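Close look at the chain arrangement
In case you want the letters, here they are:
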Amino acid sequence: MLLAFSVAPSGQPASAANGGPTPDASVHDAVAAAVKIVRESGLPNQTDSMFTTIEGEWDEVFDVVKRATEAVGRYGSRVSLVIKADIRPGYSGELTGKVERLEEAISATD
């Protein structure tokens, strides 16, 4: 399975009054906390300006997404989570394989 997700906090974090993280116009600290969890998972992953994509089995991928979402939750009173998945049993290495096949198809049209 390939799963692309985007997670972001909104609202005032409960801990802001106690010296915890405070909201500002950027969510980079919250996103960094989520991406750190993804990278530490050991699953193949890739982050771009809009989404983080991870590859693995259903349970392990959703465990990582849950933990990343919980980490972001510390930065706000609400969390927005967007998920898109490509579920293709029996395939692995698709994080890079799909892009390689795309590039080959583009080159073939030249």
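Residues numbered from 1 in each chain as written. Predicted model: local features only at pLDDT ≥ 70, side-chain atom pairs only at ≥ 80, totals over all residues. Heavy atoms only, no water.

The next point concerns the sheet that holds strand E2 (residues 45-47). The four strands are arranged E2-E3-E1-E4 in an open sheet whose pairing can be described as antiparallel. Among the strands making up the open sheet, the edge pair consists of E2 and strand E4 (78-86). Between one strand axis and the next, the sheet turns through 20° on average, direction left out of account. On top of the sheet, helix H2 (residues 58-73) reaches strand E1 (2-10), strand E3 (52-55) and E4; it is set at about 15° to E1, its chief contact. (Pairing = 2+ DSSP bridges. Helix = DSSP H or I, 4+ residues; strand = E, 2+ residues; numbered from the N terminus. Axes fitted to C-alpha atoms, helices over the stretch in contact; angles between N-to-C directions. Contact = heavy atoms within 4.5 Å.)

Attention now moves to the nonpolar core. Residues Leu-3, Phe-5, Ile-54, Val-61 and Val-64 are the most contacted members of the largest nonpolar core, which totals 17 residues. Those elements that provide at least two residues to this core are E1, helix H1 (28-40) and H2. With six residues, the single largest contributor to this core is H2. Residues contacting Phe-5, with those up to four places away along its chain left out, are Val-38, Phe-51, Thr-52, Ile-54, Val-65, Ala-68, Leu-81, Val-82 and Ile-83. (Core = buried A, V, L, I, M, F, W, Y, C linked by side-chain atoms within 4.5 Å. Buried < 20%, exposed > 50% of the residue type's maximum accessible area, 1.4 Å probe, protein only.)

The next thing to look at is the environment of Ala-85. By secondary structure assignment, the location of Ala-85 is in strand E4. Sequence spacing of Ala-85 and Ile-54 is 31 residues, and the spatial spacing of their C-alpha atoms is 9.6 Å. If near-sequence neighbours (up to four positions away) are discounted, Ala-85 is found in contact with Leu-2 and Leu-3.

We now examine the pattern of salt bridges. In the structure shown here, the tally under the stated rule is five salt bridges. Among the ionic pairs, Asp-63 bridges to Arg-67, the shortest N-O distance being 3.1 Å. Here Asp-63 pairs with Arg-67, and both are found in helix H2, just four residues apart, close to one helical turn. Since its relative accessible area comes to 36%, Asp-63 is described here as partly exposed. With a relative accessible area of 34%, Arg-67 lands in the partly exposed category. We note a salt bridge from Arg-101 to Glu-94, for which the minimum N-O separation is 2.5 Å. When its relative accessible area of 10% is taken as the criterion, Glu-94 is described as buried. (Salt bridge = Lys/Arg side-chain N within 4 Å of Asp/Glu carboxyl O.)

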